[in-house]
Amino acid sequence: MDIEKLRTGIDAIDAEIVRLLNERCELGRQIGVWKHENNQPIYVPERERILLERLANLNPGPLDRESLLAIYREIMSATIKLERPVTVAYMGPEGTFSHLAVLEKFGRGVVAQPEAAIGDVFRAVESGRADYGMVPVENTTEGVVNPTLDSLTASNVKAVAEFNLPVHLFLYSASPVSEIRCIYSHPQPFGQCREYLQANLRNATLIEVTSTTRAIELAERESDAAAIAGALAREYSELPCIAENIEDNSRNITRFLVIGRQENKPSGDDKTSLCFALHDRAGALYDALRPFRNHNISMTMIESRPLKSGNWEYCFFVDILGHRDEPEIAAACAELKQDCAMFKVFGSYPRILQ
Ligand SMILES: O=C(O)C(=O)C[C@]1(C(=O)O)C=C[C@@H](O)C=C1
């Protein structure tokens, strides 16, 4: 085999790829001008979903599907950047899992804007200080993220996309595991590696702080301290990583919602997130869910939260398959709404490409 000849082949293809990427970018730039004139959003989740699905289906290999999708994530990110700088707020500081979710969902072409708390991410989007926000909704180990559910009910922003982030946890410390006396982290990661801590660091004191990035800062100051944080912490700290993937469940996933001010058009494979509160009576929830059954609609999530206003009154959060503009979904929602003390659709958005 002649390696020089193979590399000459790669050089020629790369030149062609760069030429085509620039041609694609020029079309994107023109789309940006059109969007500006017609007051349309830059980020179009339903178009991205249709485009990615088409590419995944026509991919003959040997390029694997995941790599193809990652490459296109960055291509579309660069296109968005050419159309107009887009800002995505997240609960900071830099290096948190929410930051990682922004980078993985939107690529490196957007401006990731750290905010102090989940409520601030909602306010940044509402006020226009950010175009979009990335907020965690639920984790496979720890369940729902209550501040997000509460903010969704109170705010008028829309759910415009969803994203699943596999959460891997790492132990960072200047000391070996046997010498660690105290560990800093956010409550969620602590909950996601209980078994590891019980087995390996039973005597260490666990100290909850506001973010995994803050945990790293504190652990840097004490020689017998450690922090539990995500992979991105490596980019922001000199502390060595002394144990990898310490999460109890290797399929530990956090589901995020992208919030924004736009309403998506159907992509053909969508989800709708909504919430409702019921007047208290026997069988109320059973009756409320009947329209979904009658219209043959699948429910992928149901959660309840106490309403702040009443005693033991609950607000239910539901995700269903389908777009709110589809006749069956619209009909089911209209029927459900009749029985509710409160009813709100957060938005319809494309399902994650499996
Ligand atoms: O089709 C558009 O609306 C574009 O802006 C182009 C493009 C792309 O690169 O393909 C970029 C951003 C959108 O989120 C969707 C698609």
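Just so it is clear, the model here is predicted, and its values are computed rather than measured.

> What is the right way to read the overall build of the protein chain from this model?
Per the secondary structure count, the protein chain includes 11 helices and 15 strands. Per-residue burial for the protein chain yields a buried fraction of 34% across its 354 residues. Pairs at least 24 residues apart make up 74% of the contacts formed inside the protein chain by residues separated by at least 6 positions.

> Just checking my understanding: could you explain the domain arrangement of the protein chain for this structure?
A common way to express how large an interface is: the accessible area buried when the components associate. Once the domains are mapped, the protein chain shows domain 1 (3-83), domain 2 (87-167 + 253-260), domain 3 (170-243) and domain 4 (270-350). Domain 1 and domain 4 are separated by 38 Å when their C-alpha centres are compared.

> Help me understand helix 4 (residues 97-106) in this model?
For an α-helix, 3.6 residues make a turn, and residues three or four places apart therefore share a direction. Across the 10 residues of helix 4, 8 count as buried, placing the element largely inside the fold. Among the residues making up helix 4, those that are buried are Phe97, Ser98, His99, Leu100, Ala101, Val102, Lys105 and Phe106. Phi turns positive one or two residues past the end of helix 4, at Gly107, with a value near 75°.

> Mind showing me how you'd approach the pairing of strand 9 (residues 225-229) here?
Taken across its 5 residues, strand 9 has 5 buried, putting it largely inside the fold. Two strands pair when backbone bridges link them, and strand 6 (residues 170-173) and strand 9 are joined in this way by 4 bridges, in the antiparallel orientation. Bridge pairing in strand 9 links Leu171 to Ile228.

> What exactly am I supposed to notice about helix 6 (residues 146-154) here?
Of all the residues in helix 6, the buried ones are Thr148, Leu149, Ser151 and Leu152. Taken down its axis, helix 6 places every buried residue within 165° of arc, on the same side. Seen from the buried face of helix 6, the exposed residues on the opposite side, beyond 90 degrees, are Asn146 and Ala154. Looking at the buried side of helix 6, the elements it contacts are helix 5 (118-127), strand 3 (132-139), strand 4 (143-144), strand 13 (299-306), strand 14 (314-321) and strand 15 (340-350).

> Even after reading the chapter, I still don't get the UniProt feature "domain: Prephenate dehydratase" (unreviewed entry) in the protein chain, so can you show me in this structure?
In the UniProt entry, the feature "domain: Prephenate dehydratase" (unreviewed entry) is given for residues 87-261. Secondary structure content for residues 87-261 is 30% helix and 33% strand, and the end C-alpha separation is 13 Å.

> Could you clarify how one ought to interpret the sheet that holds strand 13 in this entry?
The strands making up a sheet associate through hydrogen bonds between their backbones, and the pairing can be parallel or antiparallel. As summarised here, the arrangement of the 4 strands in space is 13-14-12-15, forming an open sheet in which the pairing is antiparallel. The sheet terminates laterally at strand 13 and strand 15, the two strands that pair on one side only. Across this sheet, the average inter-strand angle for adjacent strands is 15°, counted without regard to direction. Two elements, strand 13 and strand 14, share 7 bridges in a ladder whose sense is antiparallel. If you follow Arg305 over to strand 14, its bridge partner there is Cys315. Each of strand 12 (270-278), strand 13, strand 14 and strand 15 touches helix 6; the most contacted strand, strand 13, lies at about 90° to it. On the sheet, helix 10 (residues 284-294) packs against strand 12, strand 13 and strand 14 and is oriented at approximately 150° with respect to strand 12.

> Honestly, the site of the ligand in this entry has me stumped. Any pointers?
Inspection of the region around the ligand gives Gly28, Ile31, Tyr43, Val44, Arg47, Glu48, Leu51, Met76, Thr79, Ile80 and Glu83 as its neighbouring residues. It is helix 3 (residues 65-83) that provides the largest number of residues to the shell around the ligand, a total of 4 residues. Looking at the shell around the ligand residue by residue, the classes come out as 6 nonpolar, 2 polar and 3 charged.

> Would you mind showing me how to read the packing of helix 1 (residues 3-37) against helix 3 here?
Packed helices, taken two at a time, are described by their axes: the angle between them and the distance between them. The contact between helix 1 and helix 3 brings their axes to 8 Å, and the two run at 45°. Here helix 3 runs oblique to helix 1, going by the angle between their axes. Along this stretch, helix 1 crosses helix 3, giving a crossing that reads as right-handed. Contacts from Leu21, Cys25, Gly28, Arg29, Ile31, Gly32 and Lys35 in helix 1 reach Ile75, Ala78, Thr79, Leu82 and Glu83 in helix 3. A class-by-class count of the residues in the contact of helix 1 with helix 3 yields 6 nonpolar, 3 polar and 3 charged.

> I keep staring at the nonpolar core and nothing clicks. Help me out?
The nonpolar side chains of a soluble globular protein tend to be buried, and buried together. Counting residues in each nonpolar core, the largest one holds 74 residues, and the members touching the most others are Val88, Val121, Val125, Tyr172, Ala219, Ala227 and Ile259. Other than its neighbours up to four places away in sequence, Val88 contacts Val102, Phe106, Val110, Ala112, Gln113, Ala130, Asp131, Tyr132, Gly133 and Met134.

> So what exactly am I meant to see when it comes to unusual backbone geometry here?
A negative phi angle characterises most non-glycine residues, just as the trans form characterises most peptide bonds. Note that the residue after Gly61, namely Pro62, is joined by a cis bond; omega there is 10°. Mapped onto the elements of the fold, Pro62 is located in the loop between helix 2 (45-58) and helix 3. With an omega of 0°, the peptide bond running from Gly92 to Pro93 counts as cis. Unlike most non-glycine residues, Asn39 shows phi in positive territory, near 55°. Residue placement: Asn39 occurs in the loop between helix 1 and helix 2. Residue Asn39 is classed as exposed on the basis of its C-beta count, with 6 C-beta atoms lying within 10 Å. Not every positive phi belongs to a glycine, and Asn296 is a case in point at roughly 60°. Turning to its location among the elements, Asn296 is positioned in the loop between helix 10 and strand 13.

About the cut-offs
Residues numbered from 1 in each chain as written. Predicted model: local features only at pLDDT ≥ 70, side-chain atom pairs only at ≥ 80, totals over all residues. Helix = DSSP H or I, 4+ residues; strand = E, 2+ residues; numbered from the N terminus. Buried ≥ 20, exposed ≤ 12 C-beta atoms within 10 Å, placed from the backbone. Contact = placed C-beta atoms within 7 Å. Domains from an automatic or database assignment. Pairing = 2+ DSSP bridges. Arc of directions from axis to C-beta. UniProt positions renumbered as here; feature names shortened; annotations may be inferred. Axes fitted to C-alpha atoms, helices over the stretch in contact; angles between N-to-C directions. Near = placed C-beta within 6 Å. Nonpolar A, V, L, I, M, F, W, Y, C, P; charged D, E, K, R; others polar. Parallel < 35°, antiparallel > 145°, perpendicular 65-115°, else oblique. Left-handed = near helix turned anticlockwise from the far one by under 90°. Core = buried A, V, L, I, M, F, W, Y, C linked by C-beta atoms within 7 Å.

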